[in-house]
Amino acid sequence: MALNEKKILDHNKLISKISKLRNRKIVLCHGVFDLLHPGHIEYFKEAKSYGEILIVSLTADQYVNKGPFKPVFKHNIRAFTLANLEIVDFVFINESADAVKLINIIKPNFYIKGQDYKEKTKDINLVKEKKAVKKNNGLTQFTSGKIFSSTQLLNDNFVSFTKEQGQIIKKLKSKFSKKNFTSQ
């Protein structure tokens, strides 16, 4: 196993690793990270400045709700890519729709979200995650860097909808939520 692959932790390894790191300042970033771009690198750099250990958790494929054909890269490939970044200390594939359970395990000193989340005050997952961070005596911080969007970059450059299809999708998104289209 290559060194970078050792940075990818399963549930048991995460718990073991966290118990050894309790005396260090731990920073947690969580997201999809489907298409890494310069904004992510700046995000990780700023996040790491808050502590000593940077853990990046990513949303498992079945919980990604960024639109059709997403994620482009499967979670094991996204984890491998993140693990190859020198600034990232550990990577975890989160098998949940939000990061609450993970936050309760890690108890990060800082939970860092991108600047684009600062205005998402009604995002139910973010609300729950912020409460979990606070309950565990941590702080939620938002980065200050330029906003890039992997989803927007992918949609604008790699998803081939006609202009008319794009307009129809936009109308549907404004009128309905994802719940209207899922069968569970």
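Look a little higher up for the structure.
Residues numbered from 1 in each chain as written. Predicted model: local features only at pLDDT ≥ 70, side-chain atom pairs only at ≥ 80, totals over all residues. Heavy atoms only, no water.

Novice: Please provide a residue-by-residue account of the overall build of the protein chain, values included.
Specialist: Assigned secondary structure in the protein chain consists of 8 helices and 6 strands. In the protein chain, the succession of helices and strands from N to C terminus is α-β-α-β-α-β-α-β-α-β-α-β-α-α. Residues classed as buried in the protein chain amount to 40% of the 184 residues present. Within the protein chain, contacts between residues at least 6 apart in sequence are counted, and of these 78% link residues at least 24 apart. (Helix = DSSP H or I, 4+ residues; strand = E, 2+ residues; numbered from the N terminus. Buried < 20%, exposed > 50% of the residue type's maximum accessible area, 1.4 Å probe, protein only. Contact = heavy atoms within 4.5 Å.)

Novice: I'd like to hear about the pairing of strand S2 (residues 26-31), residue by residue, with values.
Specialist: For S2, the buried fraction is high: 6 of the 6 residues fall into the buried class. Of the two faces of S2, both are covered, the one formed by Ile26, Leu28 and His30 as well as the one formed by Val27, Cys29 and Gly31. Pairing of S2 with strand S3 (residues 53-59), which is carried by 6 bridges, proceeds in the parallel orientation. The partner of Gly31 across the bridge, within S3, is Leu58. Crossover S2 to S3 through helix H3 (residues 38-48) is right-handed. In the sheet, S2 pairs with strand S5 (residues 110-113) via 3 bridges, with the strands oriented parallel. (Pairing = 2+ DSSP bridges. Right-handed = clockwise from strand over helix to strand, strands pointing away.)

Novice: Run through the sheet that holds S2, naming residues and quoting values.
Specialist: The strand order S1-S4-S3-S2-S5-S6 describes an open sheet built from 6 strands, whose pairing is parallel. Single-partner strands in this sheet number two, and they are strand S1 (8-9) and strand S6 (139-142). In the packing of H3 onto the sheet, contacts are made with S2, S3, S5 and S6, and the angle to S2 comes to roughly 155°. (Axes fitted to C-alpha atoms, helices over the stretch in contact; angles between N-to-C directions.)

Novice: Describe in detail the pattern of salt bridges, supporting the description with residues and values.
Specialist: Inspection of every chain in the model, using the stated rule, returns 5 salt bridges. In this structure, Glu52 engages Arg24 in a salt bridge whose closest nitrogen and oxygen atoms are separated by 3.1 Å. Linking Glu52 in the loop between H3 and S3 with Arg24 in the loop between helix H2 (11-20) and S2, this pair joins segments that are 28 residues apart in sequence. Overall, the relative accessible area of 34% leaves Arg24 in the partly exposed class. One salt bridge connects Glu42 with Lys45, and the closest N-O pair in it is separated by 3.9 Å. Residue Glu42 and its partner Lys45 are located together in helix H3, separated by 3 residues, close to a single helical turn. Residue class for Lys45 comes out partly exposed when judged on its relative accessible area of 46%. (Salt bridge = Lys/Arg side-chain N within 4 Å of Asp/Glu carboxyl O.)

Novice: Before we move on, could you go through the packing of aromatic side chains and cite the residues and values that matter?
Specialist: Aromatic ring pairs are described here by two measures, namely the spacing of the ring centres and the angle between the planes. The full count for this structure, using the stated rule, is 4 aromatic pairs. An aromatic cluster is defined as three or more aromatic residues linked by ring pairs; in this entry it consists of Phe33, Tyr43 and Phe44. (Phe/Tyr/Trp six-rings, centres within 6.5 Å; stacked < 30°, edge-to-face > 60°.)

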